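Descriptive structure summary
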Amino acid sequence: MAVADHVPTFLGESETKVKAMTVVAMMANLKVETLHWTACKERVRMEDGSCPCDKDPDCKGGCSGGKINDYTSEKAKIAGFTITTCNGADAPADGCTDFWGNKVDPKNCWFGRGATQLTWPGNYQGLEAIVQKASSVDLCANPDSICDKDQMAWLTAIAYWQQNSKPWDEAHTFESSLEVIRPADKSANPQREKYYCEWLKALDISPVKPTPRPPMPDHGKTTVKSGEGCWQIADRCCDGQGKDWAKMICHPPACNPAPIAGQTIEYNCKGCP
């Protein structure tokens, strides 16, 4: 992957200390993402919100907060993603099975997989070219391939980290690692930070203290970050109010057309005039 266009080399930093911090930051996040290394596939709930794990006394860890039909192309459009299909398809040609081995309606196949729990068709699309070059596997046709081999689970994780690593590369703080992973469930962030601090201490490395950032104004302009859709932009600018993005992103009006990375958008957390 090091020769792929526009993707920096993983652990390409010159300082050994920084390389160690990168591994710790990534692994602290991914341990939580994978339910402590027990779930390559997301343990999604059924469409009615029920969890198959609840009916099996031998199943530990429960389900994620997501449902099997949460990550469709249709819902990606509603969420304001710029890319809502994978190679133009709203369902993988090879279909998929869920964590428990049940065959899934192909349109519902874009749930989390791999060490980063890659979700949404647009995020699979974002890795498709680099993963195919490195492994000859077509993620858009066969997302389950991520969990067929350990190498694929980590290939996609490292590729995703490198494509979105700019916040970490600039700051090297725990908070900046969250900007790379962008966890949907923020309640587990203290656990991620606990691992991060414990492992750095074991390596005799002092964590970099984050530079305090001024709070975002309740209205103004912002630059779209890589991988952000309308929901993520509103969530970042308006303190967790991503669900109201259509009312808060003023230009382009109601976030339509969806903005692209590097574009300047106008927002108003109190609602656009």
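The name given to the chain in an unreviewed UniProt entry is Glycoside hydrolase family 19 catalytic domain-containing protein, with Durusdinium trenchii as the source organism.

1. Observations regarding the overall build of the chain
Across its full length, the chain carries nine helices and three strands. If you list the helices and strands of the chain from N to C, you get α-α-α-α-α-α-α-β-α-α-β-β. Projecting the C-alpha coordinates of the chain onto the three principal axes gives extents of approximately 50 × 45 × 40 Å. Relative to its 273 residues, the chain shows a buried fraction of 46%.

2. Examining the nonpolar core
Core analysis: the biggest nonpolar cluster contains 27 residues, and Y124, L127, V131 and L139 have the highest contact counts within it. Of all elements in the fold, only helix 3 (121-135) and helix 4 (150-163) reach the threshold of two or more residues within this core. The residues contacting V131, other than those within four sequence positions of it, are S136, V137, L139, M152, L155 and T156. Within the second largest apolar cluster, 21 residues are counted, among which are A115, F174, I181 and I205.

3. Remarks on the UniProt feature "domain: Glycoside hydrolase family 19 catalytic" (unreviewed entry) in the chain
Per the UniProt annotation, the sites labelled "domain: Glycoside hydrolase family 19 catalytic" (unreviewed entry) are residues 89-176. Across residues 89-176 one finds 43% helix and 0% strand; the C-alpha atoms that close the span lie 33 Å apart.

4. As for the environment of Q232
Tracing the chain through its elements places Q232 in helix 8 (residues 230-237). Looking at Q232, the relative accessible area reads 18%, which means it is buried. Along the sequence, Q232 and G80 sit 152 residues apart, while their C-alpha atoms lie 8.7 Å from each other.

5. Here's the deal with the pattern of salt bridges
Counted under the stated rule, the structure contains 10 salt bridges. The shortest N-O distance in the salt bridge between K67 and D70 comes to 3.7 Å. The salt bridge involving K75 is made with D70; its shortest N-O contact spans 3.8 Å.

6. A word on the state of the cysteines
Tallied over the entire structure, the rule returns eight disulfides. Here C238 pairs with C269 through a disulfide, and the sulfurs are 2.1 Å apart. The disulfide joining C238 to C269 has a torsion of about -85 degrees about its S-S bond and is therefore left-handed. Within this pair, whereas C238 is found in the loop between helix 8 and helix 9 (245-248), its partner C269 is found in the segment after strand 3 (264-268), the two being separated by 31 residues in sequence.

7. A short note on unusual backbone geometry
Note the cis peptide between H251 and P252, where omega equals 5 degrees. By secondary structure assignment, the location of P252 is in the loop between strand 2 (249-251) and strand 3. Cis geometry marks the peptide bond from N256 to P257, where omega comes out at 5 degrees. Although it is not a glycine, L11 sits at a positive phi angle of roughly 60 degrees. Relative to the elements of secondary structure, L11 occurs in the segment before helix 1 (16-33).

8. Considerations on the sheet that holds strand 2
Two pairing modes exist for strands in a sheet, parallel and antiparallel, and in both the strands are linked by backbone hydrogen bonds. Across the sheet, three strands lie side by side as 1-3-2; this open sheet has antiparallel pairing. Of all strands in the sheet, those with a lone pairing partner are strand 1 (219-223) and strand 2, marking the two edges. Between one strand and the next, the sheet's axes are offset by a mean angle of 40 degrees, whatever the strand orientation. Relative to strand 3, strand 2 runs antiparallel, the two sharing two bridges. By the bridge assignment for strand 3, H251 is matched with E266.

9. Some thoughts on helix 7 (residues 189-202)
Its 14 residues give helix 7 an end-to-end C-alpha distance of 20 Å, which sits within 8% of 20 Å, the value for a rise of 1.5 Å per residue. Following helix 7 by one or two positions, D204 adopts a phi angle in the positive range, close to 60 degrees.

Quick notes on the rules
- Residues numbered from 1 in each chain as written.
- Predicted model: local features only at pLDDT ≥ 70, side-chain atom pairs only at ≥ 80, totals over all residues.
- Heavy atoms only, no water.
- Helix = DSSP H or I, 4+ residues; strand = E, 2+ residues; numbered from the N terminus.
- Buried < 20%, exposed > 50% of the residue type's maximum accessible area, 1.4 Å probe, protein only.
- Core = buried A, V, L, I, M, F, W, Y, C linked by side-chain atoms within 4.5 Å.
- Contact = heavy atoms within 4.5 Å.
- UniProt positions renumbered as here; feature names shortened; annotations may be inferred.
- Salt bridge = Lys/Arg side-chain N within 4 Å of Asp/Glu carboxyl O.
- Disulfide = S-S within 2.5 Å.
- Pairing = 2+ DSSP bridges.
- Axes fitted to C-alpha atoms, helices over the stretch in contact; angles between N-to-C directions.
- Expected span 1.5 Å × (residues − 1).

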